[in-house]
Amino acid sequence: MASDLVAKAKEAFIDDHFELSLDLYTQAIELNPKNAELYADRAQANIKLNNLTEAVADANKAIELNPSMSKAYLRKAIACMKLEEYQTAKVALETGATLAPGESRFSKLIEECEELIADETGGLPEQKLEEVTTNIVPAKEVQPDKDLSDPVTVEALPKQTYRHEFYQKPEEVVVTIFAKGISRECVSVDYGEQILSVAINAPGKDAYNFQPRLFGKIIPDKCRCDVLSTKIEIRLAKAEPIHWASLEFSREVSVPQRVNISSVTANQRLVYPSSKSKSVDWDKLEAQVKKEEKDEKLDGDAALNKFFRDIYQDADEDMKRAMQKSFVESNGTVLSTNWKEVGAKKVEGSPPDGMEMKKWEY
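Residues numbered from 1 in each chain as written. Predicted model: local features only at pLDDT ≥ 70, side-chain atom pairs only at ≥ 80, totals over all residues. Heavy atoms only, no water.

Peer 1: Would you explain the overall build of the protein in this entry?
Peer 2: What the protein contains, in helices and strands, is eleven helices and seven strands. Scored against the burial criterion, the 362 residues of the protein give a buried share of 36%. Counting every atom, the protein has about 23,700 Å² of accessible surface; 51% of that belongs to carbon and sulfur. (Helix = DSSP H or I, 4+ residues; strand = E, 2+ residues; numbered from the N terminus. Buried < 20%, exposed > 50% of the residue type's maximum accessible area, 1.4 Å probe, protein only. Areas by Shrake-Rupley, 256 points an atom, 1.4 Å probe, with all protein chains shown as cover.)

Peer 1: Explanation requested: the pattern of salt bridges in the structure shown.
Peer 2: A side chain of one charge can pair with a side chain of the opposite charge when the charged atoms of the two come close. Per the stated rule, a full pass over the model turns up 17 salt bridges. Of the charged contacts, one joins R42 and D58 as a salt bridge, the two residues approaching to 2.8 Å between their closest N and O atoms. Placement of the pair is R42 in helix α3 (residues 36-48) and D58 in helix α4 (residues 52-65), with a sequence separation of 16 residues. Exposure class is identical for R42 and D58. Each is buried. Across the salt bridge formed by E84 and R213, the nearest N and O atoms sit 4.0 Å from each other. Of this pair, E84 sits in the loop between α5 (70-82) and α6 (86-99) while R213 sits in the loop between β5 (208-210) and β6 (224-227); the two residues are 129 residues apart in sequence, bridging distant segments of the chain. Its relative accessible area of 14% is what places R213 among the buried residues. (Salt bridge = Lys/Arg side-chain N within 4 Å of Asp/Glu carboxyl O.)

Peer 1: Just to check I follow, could you spell out the sheet that holds β5 for this structure?
Peer 2: Strand pairing in a sheet relies on backbone hydrogen bonds. The paired strands run either parallel or antiparallel. Overall, antiparallel pairing links the three strands, which are arranged β3-β4-β5 in an open sheet. Across the chains shown, the open sheet's two edge strands, defined by having one partner strand only, are β3 (187-191) and β5. Across the sheet, the mean angle separating the axes of adjacent strands is 5° when strand polarity is ignored. (Pairing = 2+ DSSP bridges. Axes fitted to C-alpha atoms, helices over the stretch in contact; angles between N-to-C directions.)

Peer 1: What should I look at first to understand the confidence of the model for the protein in this one?
Peer 2: One rule of thumb: low pLDDT means the predicted coordinates there are not for detailed reading. In the predicted model, the protein carries a mean pLDDT of 78, and the fraction of residues at 70 or more is 77%. Contacts from residues 124-159, a stretch scored under 50 in pLDDT, to residues over four places away or in other chains number 55 contacts. Confidence drops under pLDDT 50 across residues 261-268; counting only partners more than four residues distant or on other chains, this segment forms two contacts. (pLDDT = per-residue confidence, 0-100. Contact = heavy atoms within 4.5 Å.)

Peer 1: So what exactly am I meant to see when it comes to the packing of helix α1 (residues 2-14) against α3 here?
Peer 2: Two packed helices can be described by the angle between their axes and the distance between those axes. The contact between α1 and α3 brings their axes to 12 Å, and the two run at 25°. As the angle between them shows, α1 and α3 are arranged roughly parallel. For the pair α1 and α3, the sense of crossing is left-handed. Contacts between α1 and α3 involve V6, K10 and F13 from the first element and L38, D41, Q44, A45 and K48 from the second. Across the contact of α1 with α3, the residue classes tally to four nonpolar, one polar and three charged. (Parallel < 35°, antiparallel > 145°, perpendicular 65-115°, else oblique. Left-handed = near helix turned anticlockwise from the far one by under 90°. Nonpolar A, V, L, I, M, F, W, Y, C, P; charged D, E, K, R; others polar.)

Peer 1: What is the right way to look at the sheet that holds β6 in this model?
Peer 2: Pairing within the open sheet is antiparallel, and its four strands lie in the order β1-β2-β7-β6. A single partner strand is all that each edge strand has here, and the edge strands are β1 (163-168) and β6. Averaged over all neighbouring strand pairs, the angle between strand axes comes to 15°, with direction disregarded. Two elements, β1 and strand β2 (residues 172-178), share six bridges in a ladder whose sense is antiparallel. Directly across from Q168, in β2, lies its bridge partner V173.

Peer 1: Would you mind showing me how to read the packing of aromatic side chains here?
Peer 2: Geometry of an aromatic ring pair is reported as the spacing of the ring centres plus the angle between the planes. As enumerated under the stated definition, the model contains three aromatic pairs in all. Arranged with centres 6.3 Å apart and planes meeting at 45°, the rings of F215 and W244 form a pair that is tilted. One end of the pair, F215, is in the loop between β5 and β6; the other, W244, is in the loop between β7 (232-237) and α8 (282-295), with 29 residues separating them in the sequence. With a relative accessible area of 1%, F215 lands in the buried category. Overall, W244 belongs to the buried group, its relative accessible area being 1%. Sitting over the ring of F178, R163 keeps its end group 4.2 Å from the ring centre. The ring of F249 carries R213 above its face, with NZ or CZ at 4.2 Å from the centroid. (Phe/Tyr/Trp six-rings, centres within 6.5 Å; stacked < 30°, edge-to-face > 60°. Lys NZ or Arg CZ within 6 Å of the ring centre and 35° of its normal.)

Encoded structure:
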């Protein structure tokens, strides 16, 4: 019976057998999936086991089933504080405090949250963050199912049945869960400052729960979820335009700092990445090549061509036009830099001494 499982789960919790307690609560939930009390109690077991994202998901489910349950908000807040999601924790505490005005733990934890938020923001005034929740139902009395009397055997938790992947843009991360033929009513998505909680409860299929602590912080109000015929697409708005090395948070991978390009001065060149151990200063190399070309000693036609090339390179627009026009019209025998003279008439060819001009017959 579900009541027997709950009694054993509470006894195991008191004896600090948290994993056994968690397993027993899970079995009780399978028998009575609409009981908010069970989700709230399992959240407490998850907190003890440091399964913090799972604890948040259980607390959210309890709130969904019974929005007036103050301890569900308390346990959500405790899990969020351990995840350093102080804004989300404070919202949950403030809601819970209105439901249990005489409970001193709410006011104490709110004060602690405010101090932590002030430390996190460097003492700046905190921004009000409204909690984003999904599938919220009106407050109602949840009655436990008393007709369940079949004996229950201990079974392993169901395996994850859906594959997921993600990609990112500078402003958002897109998480795709490949779940085919799932209706919108079977999907519940909740967003925190750095938590994503996805639950899929489809008829005839194992329940699916995905609650990662995200690599970076997000803006819950700007996140959205689209349930399509072959997949569920979740768009997470990044709080900062940084690159996520992975979808899930890891203490071994530090969050990269955003680079402010405008702060790079003209004297600070950007260095291009290279696999070579020794870096190359390409600007210095280019200047060196130009200097060598300028100082190069040439003979004969090469020296003459370089002389004309240098004249053309340093000339103004009128001189360049004069050189082009005179060279073309004279069939390469005249090169003038005087545009006033060249521009007023056609330039006739002037062959070297001892040679004569001949017109090419096509």
